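Read off the chains here:
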Amino acid sequence: DGELMLYDFDASDAGEDTSNSGDDQLIIISMETGSDLSWSIVQIQISIDGAAPITCDNPGQSGGDCGSIEYGNTADSTWSVGDGVTIVESGSNLCSGGCGIEYTIIDAREGMIIASGNSYAY
């Protein structure tokens, strides 16, 4: 609709050593600047060490190879400034012994990339 939306996200290691299990916490992504995003339109994709991207389940969903656990204000259904997610393995060993992770946050309704970046899970 011609309205410019600016977002800034920060990503870092989740602080847990990665292992051969399929339930590691990988990275934390927090919204630093931007308007509220409804979880119904948000799609988070990650690429591990340059592999093909996979789509992670949004908070409250399950079934994929990775998921996201929301922190901050979890009482609403939006991703807001100050809120964030921890990207976790969901039964699949995606990273062991450390890996580079490229993330992409997509507005699935508009088919637009909102933000992308890189982090490392140790």
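If you're wondering where the values come from, they're calculated on a predicted model, not measured in any experiment.

Calculation criteria
- Counting of residues starts from 1 at the beginning of each chain's written sequence and follows it residue by residue.
- Totals for whole chains, interfaces and linings use all residues, but because this is a predicted model, local features are given only for residues with pLDDT of at least 70 and pairs of side-chain atoms are given and counted only at 80 or more.
- Water and hydrogen atoms were dropped before computing side-chain values, which therefore reflect all heavy atoms in the structure.
- Pairing between strands is defined by DSSP: at least two bridges between them are needed.
- Per the convention used, a helix needs a DSSP run of H or I reaching at least four residues, while a strand needs a run of E reaching at least two, with both numbered from the N terminus.
- Whenever a helix is involved, its axis is fitted only over the stretch in contact; in every case the axis is a line through C-alpha atoms, and angles between N-to-C directions fall within 0 to 180 degrees.
- As used in this record, nonpolar core signifies buried Ala, Val, Leu, Ile, Met, Phe, Trp, Tyr and Cys residues forming a set joined through side-chain atoms within 4.5 Å.
- To sort residues, take the accessible area from a 1.4 Å probe on protein chains only and compare it with the maximum for the residue type: under 20% means buried, over 50% means exposed, and anything in between is partly exposed.
- Note on contacts: a residue pair is in contact if any heavy atoms of the two residues lie within 4.5 Å.
- We call a pair of cysteine sulfur atoms a disulfide when they lie within 2.5 Å.

(A) Representation of the sheet that holds strand β1 (residues 8-13) within the structure. In spatial order, the strands read β1-β2-β8-β6; together these 4 strands make up an open sheet with antiparallel pairing. At either end of the open sheet lies a strand with only one pairing partner, and these are β1 and β6 (66-71). With strand direction ignored, the average angle separating the axes of adjacent strands in the sheet is 25 degrees. In this sheet, strand β8 (residues 84-89) lies alongside strand β2 (residues 25-33) in antiparallel orientation, the contact comprising 5 bridges.

(B) Summary view of the nonpolar core. Counting residues in hydrophobic clusters, the biggest one holds 27 residues, and the most contacted among them are Phe9, Ile29, Ile46, Trp79 and Ile87. Of all the secondary-structure elements, those providing two or more residues to this core are β1, β2, β4 (42-48), β8, β9 (99-107) and β10 (112-121). When near neighbours in sequence (up to four residues on either side) are disregarded, tryptophan 79 contacts Phe9, Ile29, Met31, Ser35, Asp36, Leu37, Trp39, Val42, Ile44, Gly84, Val85 and Ile105.

(C) Broad picture of the state of the cysteines. Per the stated rule, a full pass over the model turns up 2 disulfides. Bridging cysteine 56 to cysteine 66, the disulfide has an S-S length of 2.0 Å. Since a negative S-S torsion denotes a left-handed disulfide, the cysteine 56-cysteine 66 link at about -100 degrees is left-handed. Residue cysteine 56 is found in strand β5 (residues 54-56), and its partner cysteine 66 is found in strand β6; the two are separated by 10 residues along the sequence. Neither residue differs from the other here; cysteine 56 and cysteine 66 are each classed as buried. One disulfide in the model links cysteine 95 with cysteine 99; its S-S distance is 2.1 Å. Given an S-S torsion of about -120 degrees, the disulfide between cysteine 95 and cysteine 99 has left-handed geometry. Across this residue pair, the class does not change: cysteine 95 and cysteine 99 are buried. Numbered in order of appearance, the disulfide-bonded cysteines of the protein are paired 1-2, 3-4.

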